[in-house]
Amino acid sequence: MAEPVRSCVVALEINGEQVELEVPARRLLVHFIRDDLGLTGTHIGCDTGNCGACTIHLDGEPIKSCMALAVQADGRKITTVEGLTAEGELTPLQQAFNAHHALQCGYCTPGMLMSASALLARNPRPTEVEVRYALQGNICRCTGYVNIVEAVVAAGGGA
């Protein structure tokens, strides 16, 4: 007979709100965010950590939420793509994505925004090379990356 799946209580801050929820101990963070909390802006792409569609910020650092368990976020602070906007207004980065046509199908966009916003938080005026390095863990199959890189550079006040 199989042993029952154990559960744990996870208490954390997500997009400025305190959350406490009991989840199976093996629940992936991406499924906790999407299925348990209903924040579907974080996308599931590859489930192997390769595509970056599930990128979030954990204590201010970008991570791929398909590679972490929900219990690993206990007591920590998460920001998802829904948490980037303030009072419903687009951030300069989101505005730059729009102005530079940095999305097509949009599936990779939340992960790109999360990786790019982490870069801009630590380096407000990145070069094209620095942007490409910061986004190397995010795959886009539509755009060819040129407009995405231009948008991030522009959001940082360059080009």
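Relevant structure appears above.
Residues numbered from 1 in each chain as written. Predicted model: local features only at pLDDT ≥ 70, side-chain atom pairs only at ≥ 80, totals over all residues. Heavy atoms only, no water.

**A short note on the overall build of the chain**
- Counting secondary structure elements, the chain contains five helices and five strands.
- Scanning the chain from its N terminus toward the C terminus, one meets helices and strands in the order β-β-α-β-β-β-α-α-α-α.
- For 159 residues, the compact-globule formula gives about 15 Å, and the C-alpha radius of gyration of the chain, at 16 Å, lands near that figure.
- Burial status across the chain gives 42% buried among its 159 residues.
- Sequence separation of 24 or more characterises 53% of the internal contacts of the chain that already satisfy a separation of 6 or more.
- Counting only carbon and sulfur atoms, one obtains 51% of the accessible surface of the chain, whose full area is about 8,600 Å². (Helix = DSSP H or I, 4+ residues; strand = E, 2+ residues; numbered from the N terminus. Rg over C-alpha atoms; globule rule 2.2 N^0.38 Å. Buried < 20%, exposed > 50% of the residue type's maximum accessible area, 1.4 Å probe, protein only. Contact = heavy atoms within 4.5 Å. Areas by Shrake-Rupley, 256 points an atom, 1.4 Å probe, with all protein chains shown as cover.)

**Quick notes on the nonpolar core**
- Counting residues in each nonpolar core, the largest one holds 22 residues, and the members touching the most others are Leu 93, Phe 97, Met 112, Val 131, Leu 135, Ile 148 and Val 152.
- The set of elements that each furnish at least two residues to this core consists of α2 (92-99), α3 (109-122), α4 (128-134) and α5 (146-155).
- The biggest single contributor to this core is α3, with six residues.
- Excluding residues within four positions of it along the chain, Leu 135 makes contact with Met 112, Ser 115, Ala 116, Ile 148 and Val 152.
- Among the nonpolar cores identified, the runner-up in size contains 15 residues, and Val 23, Phe 32, Ile 56 and Ala 68 belong to it. (Core = buried A, V, L, I, M, F, W, Y, C linked by side-chain atoms within 4.5 Å.)

**Points about the packing of α3 against α5**
- At a minimum axis distance of 11 Å, the contact between α3 and α5 shows a crossing angle of 35°. Once α3 is placed against α5, the crossing between them reads as right-handed. Contacts from Met 112, Ala 116, Leu 119 and Leu 120 of α3 reach α5 at Ile 148, Val 152 and Ala 155.
- For the contact of α3 with α5, the residue count by class is seven nonpolar, no polar and no charged. (Axes fitted to C-alpha atoms, helices over the stretch in contact; angles between N-to-C directions. Left-handed = near helix turned anticlockwise from the far one by under 90°. Nonpolar A, V, L, I, M, F, W, Y, C, P; charged D, E, K, R; others polar.)

**Concerning the sheet that holds strand β3 (residues 55-58)**
- Strand order in the open sheet formed by five strands is β2-β1-β5-β3-β4, and the pairing between neighbours is mixed. At either margin of the open sheet sits one strand with a lone partner, and together these are β2 (17-24) and β4 (61-64). Taking the axes of each pair of neighbouring strands and ignoring which way they run, one obtains an average angle of 40° across the sheet.
- Across four bridges, β3 lies against β4 in antiparallel orientation. By the bridge assignment for β4, His 57 is matched with Pro 62.
- Strand contacts of α3: β3, β4 and β5 (77-79), with the helix running at about 40° to β3, the strand carrying the most contacts. (Pairing = 2+ DSSP bridges.)

**With respect to the layout of surface pockets**
- Estimated volume of the largest pocket: approximately 210 Å³.
- Lining the largest pocket we find Gly 45, Cys 46, Cys 51, Ala 53, Cys 105, Tyr 107, Cys 108, Ile 139, Cys 140, Arg 141 and Cys 142.
- Looking at side-chain class alone, the lining of the largest pocket contains nine nonpolar, one polar and one charged residues.
- Approximately 150 Å³ is the volume attributed to the second largest pocket.
- Surrounding the second largest pocket, Thr 55, Pro 62, Ile 63, Lys 64, Ser 115, Leu 119, Arg 122, Ala 134, Gly 137 and Asn 138 form its lining.
- For the lining of the second largest pocket, the elements supplying multiple residues, two or more each, are β4 and α3.
- Residue composition of the lining of the second largest pocket, grouped by class: four nonpolar, four polar and two charged. (1 Å grid on protein atoms, 1.4 Å probe; cavity = no way out; pocket = protein on both sides within 12 Å on 5 of 7 lines; lining within 4 Å. Points joined across faces, edges and corners; volume = space filled by probe spheres on them.)

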